[in-house]
Amino acid sequence: MGCGFAVAPLVGYAHAMAHSETLCRGQYLALVTTGGYEHAVRIKGTGVVCLVPITDTGELVLVEQFRAPVGNSVIEIPAGLVGDEAGFSGESFEDAARRDLLEETGYEAGCLDYLGEWPTTAGMTSEKVRVYRASALRRQGPGGGSADEDIRVHVVPLGELRPWLAEKERQGYYIDPKVFACMFFVKEFFAADRGPSQ
(Lines give C-alpha, C1' and ligand atoms only; values in the text may rest on other atoms or scores of the structure.)
Protein backbone atom coordinates (compact mmCIF):
# COMPACT_ATOMS: atom_id res chain seq x y z
CA MET A 1 0.00 0.00 0.00
CA GLY A 2 1.40 3.37 -0.94
CA CYS A 3 1.54 6.44 1.23
CA GLY A 4 2.76 9.15 -1.07
CA PHE A 5 1.43 12.06 -3.06
CA ALA A 6 1.10 12.22 -6.83
CA VAL A 7 -0.14 15.77 -7.27
CA ALA A 8 -1.92 16.85 -10.42
CA PRO A 9 -2.02 20.53 -11.44
CA LEU A 10 -5.00 22.53 -10.24
CA VAL A 11 -6.92 23.94 -13.19
CA GLY A 12 -10.16 25.88 -13.25
CA TYR A 13 -10.41 28.51 -10.53
CA ALA A 14 -8.04 31.22 -11.77
CA HIS A 15 -8.75 30.25 -15.39
CA ALA A 16 -12.51 30.64 -14.95
CA MET A 17 -12.18 34.10 -13.40
CA ALA A 18 -9.61 35.29 -15.97
CA HIS A 19 -11.79 34.32 -18.94
CA SER A 20 -15.24 35.15 -17.58
CA GLU A 21 -17.54 38.08 -16.96
CA THR A 22 -18.96 38.33 -13.43
CA LEU A 23 -22.74 38.67 -13.39
CA CYS A 24 -23.25 38.57 -9.62
CA ARG A 25 -20.91 38.21 -6.67
CA GLY A 26 -21.80 37.00 -3.18
CA GLN A 27 -19.71 36.37 -0.09
CA TYR A 28 -18.71 32.85 -1.14
CA LEU A 29 -19.79 32.38 -4.77
CA ALA A 30 -19.87 34.31 -8.02
CA LEU A 31 -22.18 33.78 -10.98
CA VAL A 32 -20.14 34.25 -14.14
CA THR A 33 -20.56 33.80 -17.86
CA THR A 34 -17.91 32.22 -20.05
CA GLY A 35 -18.62 32.37 -23.76
CA GLY A 36 -22.30 32.92 -22.96
CA TYR A 37 -22.45 29.94 -20.57
CA GLU A 38 -23.49 30.83 -17.03
CA HIS A 39 -21.91 28.95 -14.12
CA ALA A 40 -20.88 29.34 -10.48
CA VAL A 41 -17.33 29.88 -9.22
CA ARG A 42 -16.07 29.73 -5.64
CA ILE A 43 -14.35 32.95 -4.58
CA LYS A 44 -13.02 31.78 -1.21
CA GLY A 45 -10.27 29.24 -0.85
CA THR A 46 -8.02 27.76 -3.50
CA GLY A 47 -9.72 24.40 -4.00
CA VAL A 48 -11.68 21.55 -2.46
CA VAL A 49 -10.52 18.31 -0.87
CA CYS A 50 -12.50 15.11 -0.25
CA LEU A 51 -11.42 12.08 1.73
CA VAL A 52 -12.08 8.35 1.63
CA PRO A 53 -11.20 7.41 5.24
CA ILE A 54 -10.75 3.68 5.89
CA THR A 55 -10.08 2.30 9.37
CA ASP A 56 -7.66 -0.53 10.06
CA THR A 57 -10.65 -2.72 10.97
CA GLY A 58 -12.35 -2.28 7.60
CA GLU A 59 -14.80 0.56 8.16
CA LEU A 60 -15.60 3.64 6.07
CA VAL A 61 -15.91 6.93 7.94
CA LEU A 62 -18.80 9.05 6.66
CA VAL A 63 -20.36 12.31 7.80
CA GLU A 64 -23.93 13.56 7.93
CA GLN A 65 -24.96 17.20 7.82
CA PHE A 66 -27.88 19.39 6.81
CA ARG A 67 -27.40 21.05 3.41
CA ALA A 68 -29.48 24.17 2.90
CA PRO A 69 -29.50 24.10 -0.95
CA VAL A 70 -31.34 20.75 -0.94
CA GLY A 71 -33.19 21.34 2.35
CA ASN A 72 -32.20 17.97 3.75
CA SER A 73 -29.55 16.03 5.66
CA VAL A 74 -26.96 14.42 3.38
CA ILE A 75 -24.62 11.45 3.93
CA GLU A 76 -21.21 12.40 2.55
CA ILE A 77 -17.52 11.64 2.62
CA PRO A 78 -15.52 14.21 4.63
CA ALA A 79 -14.60 17.29 2.61
CA GLY A 80 -13.60 20.91 2.91
CA LEU A 81 -12.20 24.00 1.28
CA VAL A 82 -8.50 24.73 1.03
CA GLY A 83 -7.23 27.98 2.55
CA ASP A 84 -10.70 29.39 3.19
CA GLU A 85 -10.30 30.27 6.86
CA ALA A 86 -8.20 32.90 8.62
CA GLY A 87 -4.86 31.40 9.57
CA PHE A 88 -4.93 28.80 6.79
CA SER A 89 -4.14 30.98 3.80
CA GLY A 90 -1.57 29.28 1.60
CA GLU A 91 -2.05 25.84 3.14
CA SER A 92 -1.39 22.84 0.91
CA PHE A 93 -4.12 20.49 -0.28
CA GLU A 94 -2.65 17.72 1.88
CA ASP A 95 -2.66 19.93 4.99
CA ALA A 96 -6.26 20.94 4.29
CA ALA A 97 -7.24 17.28 3.86
CA ARG A 98 -5.73 16.37 7.22
CA ARG A 99 -7.28 19.40 8.92
CA ASP A 100 -10.77 18.77 7.56
CA LEU A 101 -10.64 15.06 8.39
CA LEU A 102 -9.74 15.84 11.99
CA GLU A 103 -12.30 18.66 12.31
CA GLU A 104 -15.19 16.71 10.82
CA THR A 105 -14.56 13.17 12.05
CA GLY A 106 -12.06 13.37 14.91
CA TYR A 107 -9.71 11.03 13.02
CA GLU A 108 -6.08 11.78 12.21
CA ALA A 109 -4.68 10.17 9.06
CA GLY A 110 -1.35 8.39 9.33
CA CYS A 111 -1.32 7.96 5.56
CA LEU A 112 -2.79 9.96 2.66
CA ASP A 113 -2.82 8.75 -0.93
CA TYR A 114 -3.82 11.01 -3.80
CA LEU A 115 -6.57 9.42 -5.91
CA GLY A 116 -7.44 12.09 -8.46
CA GLU A 117 -9.09 15.42 -9.17
CA TRP A 118 -12.53 15.61 -10.77
CA PRO A 119 -15.30 18.13 -11.51
CA THR A 120 -18.29 18.00 -9.17
CA THR A 121 -21.04 19.32 -11.47
CA ALA A 122 -19.35 20.27 -14.73
CA GLY A 123 -22.51 21.77 -16.24
CA MET A 124 -23.03 24.20 -13.35
CA THR A 125 -19.73 25.06 -11.70
CA SER A 126 -15.98 25.19 -12.34
CA GLU A 127 -15.42 23.46 -9.00
CA LYS A 128 -13.21 20.38 -8.89
CA VAL A 129 -12.40 18.19 -5.92
CA ARG A 130 -9.05 16.64 -5.14
CA VAL A 131 -9.64 13.25 -3.53
CA TYR A 132 -7.40 11.44 -1.05
CA ARG A 133 -7.65 8.04 0.55
CA ALA A 134 -6.94 8.32 4.28
CA SER A 135 -5.70 5.25 6.16
CA ALA A 136 -3.78 4.33 9.32
CA LEU A 137 -6.44 6.35 11.13
CA ARG A 138 -6.15 7.35 14.78
CA ARG A 139 -9.14 8.67 16.73
CA GLN A 140 -8.16 11.95 18.36
CA GLY A 141 -11.52 13.50 19.19
CA PRO A 142 -15.28 13.48 18.57
CA GLY A 143 -15.28 15.45 15.31
CA GLY A 144 -18.43 17.37 14.50
CA GLY A 145 -16.90 20.16 12.44
CA SER A 146 -16.16 23.78 13.22
CA ALA A 147 -18.25 26.04 15.47
CA ASP A 148 -20.75 26.85 12.70
CA GLU A 149 -21.22 23.21 11.61
CA ASP A 150 -23.32 20.38 13.02
CA ILE A 151 -21.76 17.20 11.67
CA ARG A 152 -22.57 13.67 12.78
CA VAL A 153 -19.96 10.97 12.25
CA HIS A 154 -20.81 7.46 11.03
CA VAL A 155 -18.26 4.62 11.09
CA VAL A 156 -19.75 1.90 8.90
CA PRO A 157 -18.34 -1.63 8.43
CA LEU A 158 -17.70 -2.19 4.73
CA GLY A 159 -19.74 -5.38 4.68
CA GLU A 160 -22.76 -3.42 5.91
CA LEU A 161 -22.26 -0.31 3.79
CA ARG A 162 -24.77 -0.94 0.99
CA PRO A 163 -27.68 -1.96 3.25
CA TRP A 164 -26.78 0.88 5.64
CA LEU A 165 -26.97 3.42 2.80
CA ALA A 166 -30.23 1.91 1.54
CA GLU A 167 -31.73 2.23 5.02
CA LYS A 168 -30.62 5.85 5.25
CA GLU A 169 -32.33 6.54 1.92
CA ARG A 170 -35.51 4.90 3.20
CA GLN A 171 -35.32 7.17 6.23
CA GLY A 172 -35.30 10.20 3.92
CA TYR A 173 -31.62 11.11 3.88
CA TYR A 174 -29.90 12.06 0.64
CA ILE A 175 -26.71 10.20 -0.30
CA ASP A 176 -24.00 12.23 -1.97
CA PRO A 177 -22.95 10.41 -5.19
CA LYS A 178 -19.30 10.69 -4.15
CA VAL A 179 -20.04 8.08 -1.48
CA PHE A 180 -20.89 5.54 -4.19
CA ALA A 181 -17.86 6.58 -6.24
CA CYS A 182 -15.53 6.09 -3.29
CA MET A 183 -16.71 2.49 -2.89
CA PHE A 184 -14.60 1.68 -5.95
CA PHE A 185 -11.48 2.92 -4.19
CA VAL A 186 -12.38 1.08 -1.01
CA LYS A 187 -12.50 -2.21 -2.94
CA GLU A 188 -9.28 -1.37 -4.76
CA PHE A 189 -7.58 -0.55 -1.46
CA PHE A 190 -8.39 -3.91 0.10
CA ALA A 191 -7.77 -5.86 -3.09
CA ALA A 192 -4.23 -4.46 -3.20
CA ASP A 193 -3.73 -5.08 0.49
CA ARG A 194 -5.42 -8.53 0.46
CA GLY A 195 -7.65 -7.34 3.24
CA PRO A 196 -11.44 -7.59 3.68
CA SER A 197 -13.63 -6.92 0.67
CA GLN A 198 -17.28 -5.98 0.30
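Residues numbered from 1 in each chain as written. Predicted model: local features only at pLDDT ≥ 70, side-chain atom pairs only at ≥ 80, totals over all residues. Heavy atoms only, no water.

J.: Would you mind going over the overall build of the chain with me for this structure?
T.: Across its full length, the chain holds four helices and eleven strands. In the chain, which comprises 198 residues, the share counted as buried stands at 42%. Expressed as a percentage of contacts within the chain between residues at least 6 apart in sequence, the contacts between residues at least 24 apart total 63%. Element-wise, carbon and sulfur atoms account for 53% of the exposed surface of the chain, whose accessible area totals about 10,300 Å². (Helix = DSSP H or I, 4+ residues; strand = E, 2+ residues; numbered from the N terminus. Buried < 20%, exposed > 50% of the residue type's maximum accessible area, 1.4 Å probe, protein only. Contact = heavy atoms within 4.5 Å. Areas by Shrake-Rupley, 256 points an atom, 1.4 Å probe, with all protein chains shown as cover.)

J.: I'm lost on the sheet that holds strand 8 (residues 107-119) in this one. Help?
T.: Note on sheets: strands pair through backbone hydrogen bonds, and any given pair is parallel or antiparallel. Taken together, four strands build an open sheet; the order of strands is 7-4-9-8 and the sheet is mixed. Each edge of the sheet is formed by a strand with only one pairing partner; in this case those strands are strand 7 (79-82) and strand 8. Geometrically, the sheet is characterised by an average inter-axis angle of 30 degrees between neighbouring strands, direction not taken into account. Here six bridges tie strand 4 (residues 47-53) to strand 9 (residues 128-139), and the two strands are oriented parallel to one another. Paired with valine 48 across the two strands is valine 129, which belongs to strand 9. (Pairing = 2+ DSSP bridges. Axes fitted to C-alpha atoms, helices over the stretch in contact; angles between N-to-C directions.)

J.: Would you mind going over the sheet that holds strand 1 (residues 21-25) with me for this structure?
T.: Strand order in the open sheet made by the three strands is 1-2-3, with antiparallel pairing throughout. Each edge of the sheet is formed by a strand with only one pairing partner; in this case those strands are strand 1 and strand 3 (37-42). Across the sheet, the mean angle separating the axes of adjacent strands is 30 degrees when strand polarity is ignored. Examined bridge by bridge, strand 1 and strand 2 (residues 29-34) share four bridges and lie antiparallel to one another. When the bridges of strand 2 are listed, cysteine 24 appears paired with leucine 31.

J.: Quick question: what am I supposed to make of the state of the cysteines here?
T.: A disulfide bridge is the covalent bond that connects two cysteines by way of their sulfur atoms. In this structure the tally under the stated criterion is zero disulfides. Residue cysteine 50 stays outside any disulfide, its sulfur separated by 9.8 Å from that of cysteine 182, the closest cysteine. On the accessibility criterion, cysteine 50 (1% relative accessible area) is buried. (Disulfide = S-S within 2.5 Å.)

J.: Hey, could you run me through the nonpolar core in this one?
T.: Soluble globular proteins tend to bury their nonpolar side chains together. Counting residues in each nonpolar core, the largest one holds 23 residues, and the members touching the most others are Val52, Leu60, Leu62, Leu161 and Leu165. Only strand 4, strand 5 (59-67), strand 9, helix 3 (161-170) and helix 4 (177-193) provide two or more residues apiece to this core. Setting aside its immediate chain neighbours within four residues, leucine 165 contacts Leu62, Ile75, Ile175, Val179, Phe180 and Met183. Listed in part, the 15 residues of the second largest apolar core include Val61, Ala96, Ala97 and Tyr132. (Core = buried A, V, L, I, M, F, W, Y, C linked by side-chain atoms within 4.5 Å.)

J.: Mind showing me how you'd approach the packing of aromatic side chains here?
T.: The description of an aromatic ring pair uses the distance of the two centres, along with the angle that the planes make with each other. The full count for this structure, using the stated rule, is one aromatic pair. When the ring of tyrosine 114 is compared with that of tyrosine 132, the centres are 5.8 Å apart and the planes differ by 65 degrees; the resulting orientation is edge-to-face. Of this pair, tyrosine 114 sits in strand 8 while tyrosine 132 is found in strand 9, placing the two residues 18 residues apart along the sequence. Under the relative-accessibility criterion, tyrosine 114 is labelled buried at 17%. Here the basic side chain of arginine 130 rests over the ring of phenylalanine 93, its NZ or CZ set 3.9 Å away from the ring centre. A cation over an aromatic ring shows up here: lysine 168 above the ring of tyrosine 173, its NZ or CZ 4.5 Å from the ring centre. (Phe/Tyr/Trp six-rings, centres within 6.5 Å; stacked < 30°, edge-to-face > 60°. Lys NZ or Arg CZ within 6 Å of the ring centre and 35° of its normal.)

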